[in-house]
Amino acid sequence: MAFTPTKETYSGKVYPVTIGTGDKAVTFGGENVLPFNSFEGAAPNAPVIAYEIQDVPPTDWPENVQKPFAAVSDDPVKWAKYCQDELKAKAIALRLVGTHPDRENRTPEEASKTVKDVLAAINIPLIILGSNHAEKDSQVLIAVAEAAKDKNCIIGKAQEANYKTIAAAAMANNHKLIAMSELDINLSKQLNILITQMGFEKERLITDPMCSALGYGLEYTYSVMERIRLAALTQNDMTMQPPMLGDVGMYVWKIKETQAPESDLPHWGPAEERGIAWEAVTATALLIAGAELLIMRHPKAVEAVEKTIEELI
Amino acid sequence: MALSGVEIFKMLPKTNCKKCGHPTCLAFAMKLAQRQATLDSCPDVSEEAKKVLGEASAPPVRPITFGAGDLAVKMGEETVLFRHDKKFVNPCAIAVEIKDTFSEAEATKIIEQVLASEIDRVGQKLRVDAIALTNASGDAGKFEALAKIVAAKASVVPTIICTENPQAAEAAAKLFADKRAIIYGANASNAEAMANIAKTNKMTLGVHANGLEELSALTEKIKALGVEDMVIDSGARKAKDIIEHNTLIRRAAVKKNFKPLGYPVINFMQRDDSLVEALLAAVGIAKYSSIIVVNSVEKWKNLALFTMRQNIYTDPQVPMQVEQKIYNIGEPKPESPLMITTNFSLTYFIVSGEIENSKVASRLAVMDSEGLSVLTAWAAGKFTASKIAQFITESGIEKEMSHKELIIPGYVAILSGSIEDKLPGWKITVGPREANALPAFLKTRAA
Ligand code: SF4
């Protein structure tokens, strides 16, 4: 029996999305095959990893992931420049966590100033994220979208409760938009439909089906992503064709495995390596499931995932 | 080729006698085609049909047991390409390489790591599954010396004997008699000799080729020599090629029932950079490896890979729920706090993780809300004052506690009054809305 490879050709493809301006702009998505299956189709763009920074010092991050940024993280501008110049980041994700009412409760004006300062200091693309407080995000993200007008940023995250205002702000200021729903392919689809019904171009969307960390529901995110990607390719379902985001760092660096000291759990090995591996394995799993854009924290985790991407393409 | 229900039906007795437990032969044939029934349920099927159907209805990836005793590993039996379609069956084995160029001390160190690698995670015992001895020196004497060390110190651990030299393979195989080891290294030039050794020692044969065409031809040849149990290696070493070959192998087996590639896949993924090696292993776990051979098995890496494997191989049909009960976090004392949440497994993972982070020993009452998160469960009427009160009362937890205070999620603050009405004598405290505020909340209370 001679072997003939069973190759698949798909009717659909993932939209390519370009962010940033000038020669530092990056493009991700655009493939018409399952992740890293370039043997049967086109996968013109490699996945992109953005370094996560925030508007306030990362005192809420575990020590092992604070450390690499200790000299710069008191100031988002220094922090962003460090990621760009020293770590060779391809993009920055600025999380405006300081605007959360339970945190520093910074105003939309303060947030806009931070965004402007960071944008003035870097030439790589910027992803601007709220604090995940639905009401406050709609005020903050409107202001920062305007502050970043025409810089071709990604604004996020629009959720069911606040997508109208955020999508309108992204649209008015020529940004891309993250649409996030909670671990359900149908909710994801529905939100993308609602946003495009407002006149937002579907080619400017990025789907965030919600991340979960290794050992904490990773398999749900994995399978939702895999199903979204299959729907995009096999059913040519346009509402499922935006590229996908894995917001990895935030979900990984809050669980026990990335923090518990080795002295408490000797059979788990050293906390620092363990935390880095946790972030990198979670990220790799999501790449295999279909994520094209990752937001990550630890430089060593980013470096290892980038090496793995090199080997996969 | 996989047979359709109608094709199978043509070979059945067509008497509709119902002895198979199905109303008609056709219904039974349909179940067979979907692999939801096995042919032995029909007592009247002809010998000829058995032969044809047996071949066609065997699992697309051959089941193989690797190793003997308690630590034996099952491989193969996979039926799908995507885990959301159906549970991946036999979790991939992690094997660590020991080269015959290592000193005895180096070899012993790795053996000890393997023997001490067992970790309990969510009720499963996970460990480095196997040792792969490699003949890096090319010298048969050195290889046998290493095999002796491993056979003496790690006789319970499933072993892969990796050499292309039949004499070296034979000498080593004798040391693992009755252990169902894998002899890896059959290729186009040594196939006969290696097949003989595998047959004589009743071992699985690892077959290595350059590419999928050569691999298919080689497994057919070896099968004709009388070896049934094989693990296969297409020669892919780079991650890109591993994904391509593993995907094409799984598709050929599952979609075409192509027997020459219907065997478990072994991938050699050794890298000097241990973290990158871990990431490639993660790729293999997701994409159809049955055995992954690595350079090193540090504890941090094992924990991450075992967890990844567990996640990918969980049953996707099982609802995202945990059992309703009161979970102890740390070692709660009578005065420790009692919290309540719903049984959506992500809610449970996140809430219990944050309570652990707080280092405040606690009790967490997890209430059956049909797998919904707090807000959704409340909106759907599954997380109501009377249900909460009933659960707490029936749990009898009161007897273990020196107080009667229940902390409820901030999202259902609105319920506090009505729970107090229904739980006389209890004090209801509203906790934070988001789990990540729990450590601060618990620490402040404890202070
Ligand atoms: S037992 Fe065999 S003959 Fe009887 S109904 Fe079932 S398939 Fe048909």
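Residues numbered from 1 in each chain as written. Chains lettered and ligands numbered in written order. Predicted model: local features only at pLDDT ≥ 70, side-chain atom pairs only at ≥ 80, totals over all residues. Heavy atoms only, no water.

## Description of the overall build of chain B
We count it as follows: For the purposes of this entry, the term helix denotes a DSSP run of H or I that reaches at least four residues, the term strand denotes a run of E that reaches at least two, and both are numbered from the N terminus. Residue contacts are counted whenever heavy atoms from the two residues lie within 4.5 Å of one another. Each accessible area is a Shrake-Rupley estimate made with a 1.4 Å probe; only the visible protein chains count as cover when residues are assessed. Charged-residue counts in this description rest on Lys and Arg as positive and Asp and Glu as negative, His and the chain ends being excluded. A charge is said to be at NZ when it belongs to Lys, at CZ for Arg, at CG for Asp and at CD for Glu.
In terms of regular secondary structure, chain B is built from 16 helices and 17 strands. Principal-axis analysis of the C-alpha atoms gives chain B an extent of 80 × 70 × 35 Å. For chain B, restricting intrachain contacts to residue pairs at least 6 apart in sequence, the fraction spanning at least 24 positions comes to 67%. A total of about 18800 Å² of accessible surface is found on chain B, and carbon and sulfur atoms cover 52% of it. Counting 54 positive and 51 negative side-chain charges, chain B places the averaged centre of each group 4 Å from the other.

## Observations regarding the pairing of strand E12 (residues 291-294) of chain B
Residues and elements named next belong to chain B. Going by this rule: Only protein chains enter the accessibility calculation, which uses a 1.4 Å probe. A residue is then buried if its area is under 20% of the maximum for its type, exposed if over 50%, and partly exposed in between. Strands pair, by our definition, only if DSSP identifies at least two bridges between them. Seen with its strands pointing away from the viewer, a crossover is right-handed if its path from the first strand over the helix to the second goes clockwise.
By the alternation rule, side chains of E12 split into Ile-291 and Val-293 and Ile-292 and Val-294, which are all buried. Pairing of strand E3 (residues 93-99) with E12, which is carried by 4 bridges, proceeds in the parallel orientation. Bridge pairing links Ala-95 to Val-293 in E12. Pairing analysis gives 3 bridges linking strand E11 (residues 266-268) to E12, with the strands arranged parallel. Paired with Phe-268 across the two strands is Val-293, which belongs to E12. Taking the sense of rotation as the criterion, the β-α-β connection linking E11, helix H10 (residues 274-286) and E12 turns out right-handed.

## Overview of unusual backbone geometry
That bond from A:Gly156 to A:Lys157 is cis: its omega, 0 degrees, falls within 30 degrees of zero. With respect to the helices, strands and loops of the structure, A:Lys157 is situated in strand E6 (residues 154-158). With phi around 65 degrees, A:Asp150 is a residue other than glycine that occupies positive phi space. Tracing the sequence through the fold places A:Asp150 in the loop between helix H4 (134-147) and E6. Relative accessible area serves as the criterion here: at 45%, A:Asp150 is assigned to the partly exposed category. Backbone geometry at B:Lys359 places phi at a positive 60 degrees, although glycine is not the residue there.

## Brief notes about the interface of chain A and chain B
Rule in force here: Take the accessible area each of two parts loses on contact, using a 1.4 Å probe, and add the two losses: that sum is the buried area. When a carboxyl oxygen of Asp or Glu is within 4 Å of a side-chain nitrogen of Lys or Arg, the pair counts as a salt bridge.
Contacts between chain A and chain B engage 55 residues on the former and 51 residues on the latter. Across the interface of chain A and chain B, roughly 4900 Å² is buried in total on both sides, 67% from carbon and sulfur atoms. Taken as a group, A:Met1, A:Phe3 and A:Glu311 account for 16% of the area that chain A buries against chain B, more than any other trio of residues on that side. One can count 6 salt bridges joining chain A with chain B. For A:Glu311, the salt bridge is made with B:Arg271, and the minimal N-O distance between the two is 2.7 Å.

## Brief notes about the packing of helix H3 (residues 108-121) of chain A against H4(A)
Packed helix pairs are characterised by how far apart their axes lie and by the angle those axes make with each other. Residue and element names in this part refer to chain A. Selection criterion: Each axis is a line fitted through C-alpha atoms, and for a helix only the stretch in contact is used; angles between axes span 0 to 180 degrees, taken between their N-to-C directions. Should an angle fall under 35 degrees it is taken as roughly parallel, and over 145 as roughly antiparallel, whereas 65 to 115 is taken as roughly perpendicular and any remaining angle as oblique. The crossing is said to be left-handed when, going from far helix to near helix, the turn is anticlockwise and less than a right angle, and right-handed when the turn is clockwise. Amino acid classes used here: Ala, Val, Leu, Ile, Met, Phe, Trp, Tyr, Cys and Pro are nonpolar; Asp, Glu, Lys and Arg are charged; the rest, including Gly, are polar.
Interaxial distance between H3 and H4 falls to 8 Å at its minimum, and their mutual angle equals 40 degrees. Comparing their axes, H4 and H3 come out oblique. Seen from above, H3 lies across H4 with right-handed handedness. On H4, the residues that touch Pro-108, Ala-111, Ser-112, Val-115 and Lys-116 of H3 are Lys-136, Gln-139, Val-140, Ala-143, Val-144 and Ala-147. Among the residues forming the contact of H3 with H4, the class breakdown is 7 nonpolar, 2 polar and 2 charged.

## Thoughts on the site of the ligand
What counts is decided by this rule: Throughout, the term near means that a residue has one or more heavy atoms lying within 4 Å of the molecule or strand in question.
Surveying the vicinity of the ligand reveals the residues B:Pro13, B:Thr15, B:Asn16, B:Cys17, B:Lys18, B:Lys19, B:Cys20, B:Cys25, B:Phe28, B:Cys42 and B:Pro43. Of the residues assigned to the shell around the ligand, the class counts are 7 nonpolar, 2 polar and 2 charged.

## Some remarks on the side chain of A:Asp208
All names here are of chain A. Among the structural elements, Asp-208 can be located in strand E8 (residues 205-208). The class for Asp-208 is buried, based on a relative accessible area of 0%. Residues within four places of Asp-208 in sequence aside, it is in contact with Lys-157, Ile-178, Ala-179, Met-180, Ser-181, Leu-245 and Asp-247.

## Remarks on the packing of aromatic side chains
This is how the line gets drawn: Within 6.5 Å between ring centres, the rings of Phe, Tyr and Trp (the latter by its six-membered ring) count as paired, and their orientation is classed by plane angle as stacked under 30 degrees, edge-to-face over 60, tilted in between.
Summed over all chains, the structure comprises 11 aromatic pairs over all chains. When the ring of A:Phe69 is compared with that of A:Tyr82, the centres are 6.3 Å apart and the planes differ by 90 degrees; the resulting orientation is edge-to-face. Linking A:Phe69 in the loop between helix H1 (63-66) and helix H2 (76-85) with A:Tyr82 in helix H2, this pair joins segments that are 13 residues apart in sequence. A relative accessible area of 1% places A:Phe69 in the buried class. The interplanar angle of 70 degrees and the centroid separation of 5.7 Å between the aromatic rings of A:Tyr216 and B:Phe349 together place this pair among those described as edge-to-face. Of this pair, A:Tyr216 sits in the loop between E8 and helix H7 (218-234) while B:Phe349 sits in helix H12 (residues 345-358), each in a different chain.

## With respect to the sheet that holds E3(B)
Residues and elements named next belong to chain B. In spatial order, the strands read E10-E9-E8-E7-E6-E3-E12-E11; together these 8 strands make up an open sheet with parallel pairing. Edge positions in the sheet fall to strand E10 (230-233) and E11, since each of these pairs with one other strand and no more. Each neighbouring strand pair of the sheet contributes to a mean axis angle of 25 degrees, computed without reference to strand direction.

## So, the domain arrangement of chain B
Stated precisely, the cut-off is as follows: Segmentation into domains, and thus their bounds, comes from an automatic or database assignment.
Annotation of chain B at the domain level lists domain 1 (5-57), domain 2 (64-312) and domain 3 (325-446). The straight-line distance from the C-alpha centre of domain 1 of chain B to that of domain 2 of chain B is 35 Å.

## Things to note about the nonpolar core
Let me state the cut-off plainly: Side-chain atoms within 4.5 Å link the members of a nonpolar core, which is a set of buried Ala, Val, Leu, Ile, Met, Phe, Trp, Tyr and Cys residues.
Residues A:Leu126, A:Leu177, A:Ile195, A:Val305, B:Leu205, B:Ile222 and B:Met308 are the most contacted members of the largest nonpolar core, which totals 179 residues. The greatest single-element share of this core, amounting to 11 residues, is contributed by helix H9 (residues 271-289) of chain A.

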